[in-house]
Amino acid sequence: MNPAPSSASLDHLVKLLGKLPGIGPRSARRLALHLLRKKETLMLPLASTLAAVAEAVTACRQCGNLDTTNPCSLCRDPMRNARVLCVVESVADLWALERSATYKGHYHVLGGVLSALSDTSPDDLRLEQLQARCQGGQTDEVILALSATLDGQTTAHYIASLLEELPVTVTRLAQGVPVGGELDYLDEGTLSAALLSRLPV
Ligand SMILES: [Zn+2]
């Protein structure tokens, strides 16, 4: 067992590390000691990178992606089809789709899914922005690329009904996404196949 850190600043570091997802108090103490052992090669570069990224990266006002430019580089890419929007729960899922290298349209990051458990309501998601992007004829298709979890599918149904009256085709990912499956955990091939054989909602 590692001894408890004595100084207040070290204690603060351990507390902050312990706020990271999946990191308990013991792991936080181990991480803090590891960082201190690798002060020059890891701790100082990490500290300056954290500060620089926090300063430079913002959420894209159009799609919600994280980037150093606003609108983001995906929204500004002239080679991408701006008439197709892929709706994802999080930037992690956007990254998963980008890794599959199949999709060449635009994105819309919701910032979560509807969930009674975590008290996420429609007002917490970027749904008004999605509706706005589907009005005015600048969008042809909306692909609902949400996880095959109960919350993901509830959200997909909610969005489909929200867009019902608008002049867009709504589709969803097809086979390959296992029930209960979260997008971020799928391999690129599976995700690619699910996207290519998407179905009307
Ligand atoms: Zn963007």
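Structural data are supplied above this passage.
What comes next is a walk through the structure. (Residues numbered from 1 in each chain as written. Predicted model: local features only at pLDDT ≥ 70, side-chain atom pairs only at ≥ 80, totals over all residues. Heavy atoms only, no water.)

### Thoughts on a nonpolar patch on the surface
Among the surface-exposed residues, L42, L46 and L50 lie close enough to one another that they form a single nonpolar patch of about 250 Å² accessible area. Along the chain, the position of L46 falls in helix α3 (residues 39–56). (Patch = residues over 30% accessible without salt bridge, like charges linked within 9 Å, V, L, I, M, F, W, Y side chains within 5 Å. Areas by Shrake-Rupley, 256 points an atom, 1.4 Å probe, with all protein chains shown as cover. Salt bridge = Lys/Arg side-chain N within 4 Å of Asp/Glu carboxyl O. Helix = DSSP H or I, 4+ residues; strand = E, 2+ residues; numbered from the N terminus.)

### Comments concerning the pattern of salt bridges
Tallied over the full model, the rule gives 4 salt bridges. The shortest N-O distance in the salt bridge between R80 and E98 comes to 2.8 Å. Taken as a pair, R80 in the loop between α4 (73–76) and β3 (81–88) and E98 in helix α5 (residues 91–100) lie far apart in primary sequence, 18 residues in all. Taking the relative accessible area as the measure of exposure, E98 reaches 26% and is therefore partly exposed. With a shortest N-O distance of 2.7 Å, D140 and R83 are connected by a salt bridge. (Buried < 20%, exposed > 50% of the residue type's maximum accessible area, 1.4 Å probe, protein only.)

### Comments concerning the packing of aromatic side chains
Inspection of the entire model under this criterion finds 1 aromatic pair. Seen from their ring centres, Y103 and Y107 are 5.1 Å apart, and the 65 degrees between their planes marks the pair as edge-to-face. With a relative accessible area of 6%, Y103 lands in the buried category. (Phe/Tyr/Trp six-rings, centres within 6.5 Å; stacked < 30°, edge-to-face > 60°.)

### A look at the nonpolar core
Ranked by size, the top nonpolar core spans 23 residues in total, and within it C86, V88, L97, Y107 and L173 carry the most contacts. Of all elements in the fold, only α4, β3, α5, β4 (105–109) and α8 (188–196) reach the threshold of two or more residues within this core. Once you skip the residues sitting within four places of it in the chain, C86 turns out to touch L97, Y103, H106, Y107, H108, I143 and A145. Judged by nonpolar contacts, the second largest core, of 19 residues, contains V87, L110, L146 and A160. (Core = buried A, V, L, I, M, F, W, Y, C linked by side-chain atoms within 4.5 Å. Contact = heavy atoms within 4.5 Å.)

### Notes on the coordination of the zinc ion
Within the protein, C60 (SG), C63 (SG), C72 (SG) and C75 (SG) serve as the donor atoms for the zinc ion, at 2.3 Å. Read in sequence order, the donor residues for the zinc ion give the motif C-x2-C-x8-C-x2-C. With C60 in the loop between β1 (58–59) and β2 (66–67) and C72 in the loop between β2 and α4, this pair connects stretches of sequence that are 12 residues apart. Here the two residues C60 and C72 agree in accessibility, since each one is buried. (Donors = N, O, S within 2.8 Å, 3.2 Å for Na, K, Ca; no water.)

### A look at the packing of helix α2 (residues 25–37) against α3
At a minimum axis distance of 6 Å, the contact between α2 and α3 shows a crossing angle of 115 degrees. Considering the angle they form, α2 stands roughly perpendicular to α3. On the side of α2, the interface is formed by H34, L35, L36 and R37, while α3 contributes K39, L42, M43 and L46. (Axes fitted to C-alpha atoms, helices over the stretch in contact; angles between N-to-C directions. Parallel < 35°, antiparallel > 145°, perpendicular 65-115°, else oblique.)

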